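Descriptive structure summary
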Amino acid sequence: MNPYILAILLFGLGLGTTITFASSHWLLAWMGLEMNTLAIIPLMAQHHHPRAVEATTKYFLTQAAAAATLLFASVTNAWLTGQWEIQQITHPLPSTMITLALALKIGLAPLHAWLPEVLQGLDLTTGLILSTWQKLAPFALILQLQPSNSTLLIILGLTSALIGGWGGLNQTQLRKILAYSSIAHLGWMILVLQFSPSITLLTLLTYFIMTFSTFLVFKLNKSTNINTLAMSWTKAPALTALTPLILLSLGGLPPLTGFMPKWLILQELTKQGLAPTATLAALSALLSLYFYLRLSYAMTLTISPNNLTGSTPWRLPSTQLTYPLATTTAMTIGLLPLTPAISALLTF
């Protein structure tokens, strides 16, 4: 892609998110979300591959449906209450509709079906943008809405955590596994949103760091399924040794960074008297942990058979920058001891 066009599209992505962040009016927030969607569509379809075009079309249709619902709900709210302010949503009907529209935007279960299909059709770089940056703007709106729909948020959160764990179990494609991982993590964030927005933001930040690290590892190895992952030890032995730690951090095992948000969320849910919800969420984390362990096993404890169908790939030197990968990997593995300091910062 022409670097000037790429720069304009990335600027559009940033601008759309910033407009949504800065807006207190529903129409402006909707406009920011639309700019975001329109800026990423050429990035998704840039390879002109039938799968990429199919993924782009699916993404466009779901995002257009969510944006139309959001606009309809905000107009309904203005009609019922005379208010266009984001924080003045008082009527339950537009409030529920907006929550569901934003859930469809970010891919929360049961409105998640588009996310694995879309992510599977994209290259890893665009997939990374879709899994991280594209979640920011809708999340900012959900954060401002949160007091109004407590039961709906808990149902969405629990369903996402369970389906995100369940859906990834029988997958062999890495991008689909990462999509289900994204659904599960978003479920955890939504679960604690109304009780402690600061823990939700911390979970979002750690999810971004861990996902960034995972995508960069797969990109360096040029891996898109489990079989190619099993051949990665010939390319980067040191990275292959570290990757299970990144994956298990995504699964939330101590003493890795990913354990911190899960621990704080379970603690907060128990404080709020929601022990059954916390138990279900913890059990759903076990489902996710299974497929992370499966990836770790395939990567470090198996050697792929050297037959014609799975021949060892060329070991060409990678042109990918290693500093972002090194930084995010270090943060993914080692931030758990900072939990007391982070907790103290969150209480301010």
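Every residue gets a number counted from 1 within its own chain, in the order that chain's sequence is written. Totals for whole chains, interfaces and linings use all residues, but because this is a predicted model, local features are given only for residues with pLDDT of at least 70 and pairs of side-chain atoms are given and counted only at 80 or more. Calculated side-chain values reflect all of the structure's heavy atoms, with hydrogen atoms and water omitted.

Digging into unusual backbone geometry
Just so we agree on the cut-off: Secondary structure is summarised from DSSP: a helix means a run of H or I of at least four residues, a strand means a run of E of at least two, and numbering begins at the N terminus for each.
Look at the link from Ala109 to Pro110: it is a cis peptide, with omega at 5°. The residue Pro110 is located in the loop between α4 (92-106) and α5 (114-120) in this model. Backbone geometry at Lys222 places phi at a positive 55°, although glycine is not the residue there. Mapped onto the elements of the fold, Lys222 is located in the loop between α10 (197-221) and α11 (226-230).

Things to note about the UniProt feature "transmembrane region" (unreviewed entry) in the protein
Rules: UniProt positions are given in the numbering used here, feature names are shortened, and annotations may be inferred rather than shown by experiment.
Taking the numbering used here, the UniProt-annotated feature "transmembrane region" (unreviewed entry) corresponds to residues 60-80, 92-115, 151-170, 177-195, 201-221, 233-253 and 273-293. Secondary structure within residues 92-115 divides into 71% helix and 0% strand; the distance between the first and last C-alpha atoms comes to 28 Å. Across residues 177-195 one finds 84% helix and 0% strand; the C-alpha atoms that close the span lie 29 Å apart.

Looking at the domain arrangement of the protein
What counts is decided by this rule: Domain delimitation follows an automatic or database domain assignment. Whether two residues are in contact is decided by their heavy atoms, any of which lying within 4.5 Å being enough. As used here, buried area is the combined drop in accessible area, with a 1.4 Å probe, of two parts when they are placed together. A side-chain nitrogen of Lys or Arg and a carboxyl oxygen of Asp or Glu constitute a salt bridge if their distance falls within 4 Å. Counted as a polar contact is a pair of N or O atoms within 3.5 Å, where, for protein atoms, one must be capable of donating a hydrogen and the other of accepting one, and residues adjacent in sequence contribute only when both atoms are in side chains.
What the domain assignment reports for the protein is domain 1 (1-112) and domain 2 (149-306 + 320-347). Relative to domain 2, the C-alpha centre of domain 1 lies at a distance of 25 Å. Domain 1 puts eleven residues into the contact, and the matching count from domain 2 is twelve residues. A buried area of about 940 Å², summed over both sides, lies between domain 1 and domain 2, and 75% of it is on carbon and sulfur atoms. Counting the surface domain 1 buries against domain 2, the share from its top three residues, Leu108, Ala109 and His112, is 48%. The interface formed by domain 1 and domain 2 includes zero salt bridges. Seen at the junction of domain 1 and domain 2, the total is one residue pair in polar contact (both at pLDDT 80 or more).

Things to note about the environment of Ala298
Looking at the element boundaries, Ala298 is found in helix α14 (residues 275-300). For the pair Ala298 and Asn149, spaced 149 residues apart in sequence, the C-alpha to C-alpha distance is 42 Å. If sequence neighbours within four positions are ignored, Ala298 has contacts with Ile226 and Ala230.

Focus: the packing of helix α12 (residues 237-251) against helix α15 (residues 323-334)
Rules: To get an axis, fit a line to the C-alpha atoms, keeping to the stretch in contact for a helix; angles then go from 0 to 180 degrees between the N-to-C directions. Every angle not falling under 35 degrees, over 145, or within 65 to 115 is termed oblique; those three ranges are roughly parallel, roughly antiparallel and roughly perpendicular. Should the near helix be turned counterclockwise from the far one by less than a right angle, the crossing is left-handed, whereas a clockwise turn marks it as right-handed. Here the nonpolar group is Ala, Val, Leu, Ile, Met, Phe, Trp, Tyr, Cys and Pro; Asp, Glu, Lys and Arg are the charged ones; every other residue, Gly included, is treated as polar.
At their nearest, the axes of α12 and α15 sit 9 Å apart, and the two run at 50° to each other. Judged on the interaxial angle alone, α15 and α12 are oblique. Seen along the crossing, α12 lies across α15 with a hand that is left-handed. Counting all contacts with α12, which are made through Leu239, Leu242, Leu245, Ile246 and Ser249, the residues of α15 involved are Leu325, Thr329, Thr332 and Ile333. Looking at the contact of α12 with α15 residue by residue, the classes come out as six nonpolar, three polar and no charged.

Remarks on the nonpolar core
Rules: The term nonpolar core refers to a set of buried residues drawn from Ala, Val, Leu, Ile, Met, Phe, Trp, Tyr and Cys, joined through side-chain atoms within 4.5 Å. A simple rule labels every residue: compare its accessible area, found with a 1.4 Å probe on the protein chains alone, to the largest value its type can have, and call it buried under 20%, exposed over 50%, or partly exposed in between.
Of all hydrophobic cores here, the largest spans 45 residues; its most connected members are Ile40, Tyr59, Val118, Leu130, Val217, Phe218 and Leu295. Those residues in contact with Ile40 that lie beyond four places of it in its chain are Leu13, Tyr59, Ile129, Leu130 and Gln134. Counting 30 residues, the second-largest nonpolar core is a separate cluster that includes Ala101, Leu153, Leu156 and Met189.

Concerning the environment of Lys262
Looking at the secondary structure, you find Lys262 in helix α13 (residues 259-271). Taking relative accessible area as the criterion, Lys262 reaches 10% and is therefore assigned buried. C-alpha separation for the pair Lys262 and Phe72, spaced 190 residues apart in sequence, amounts to 35 Å. What Lys262 contacts, discounting residues up to four positions off in sequence, is His185, Trp188, Leu250, Gly251, Gly252 and Ala285.

Quick word on the packing of aromatic side chains
The condition is simple: Pairing of aromatic rings covers Phe, Tyr and Trp, the last through its six-membered ring, and needs centres within 6.5 Å; plane angles under 30 degrees mean stacked, over 60 mean edge-to-face, and all others mean tilted. In this analysis the charged atom, NZ for Lys or CZ for Arg, is taken to sit over a ring once it is within 6 Å of the ring centre and within 35 degrees of the ring normal.
A full pass over the atoms with the stated rule returns four aromatic pairs. Taking 5.6 Å as the distance between ring centres and 15° as the angle between the ring planes, the aromatic pair formed by Phe259 and Trp263 counts as stacked. Highlighted residues: Phe259 and Trp263, both in helix α13, separated by four residues, approximately one helical turn. Measuring from centroid to centroid gives 4.9 Å for Phe291 and Tyr292, while their planes differ by 55°, and the two rings are tilted. When the ring centre of Trp188 is taken as reference, the NZ or CZ atom of Lys262 above it lies at 5.1 Å.

A look at the pattern of salt bridges
The full count for this structure, using the stated rule, is three salt bridges. Across the pair Glu54 and Lys58 runs a salt bridge whose closest N-O atoms are separated by 2.8 Å. Taken together, the residues Glu54 and Lys58, both in helix α3 (residues 50-81) and four residues apart, mark about one turn of the helix. The class for Glu54 is partly exposed, based on a relative accessible area of 41%. Given the relative accessible area of 29%, Lys58 is considered partly exposed. Across the pair Glu117 and Lys176 runs a salt bridge whose closest N-O atoms are separated by 3.5 Å. Taken together, the residues span a long stretch of sequence, with Glu117 in helix α5 and Lys176 in helix α9 (residues 174-192) at a distance of 59 residues. In this structure Lys176 comes out as buried when scored by relative accessible area, which is 17%. Salt bridges sharing partners connect three or more residues here, namely Glu54, Lys58, Glu117 and Lys176.

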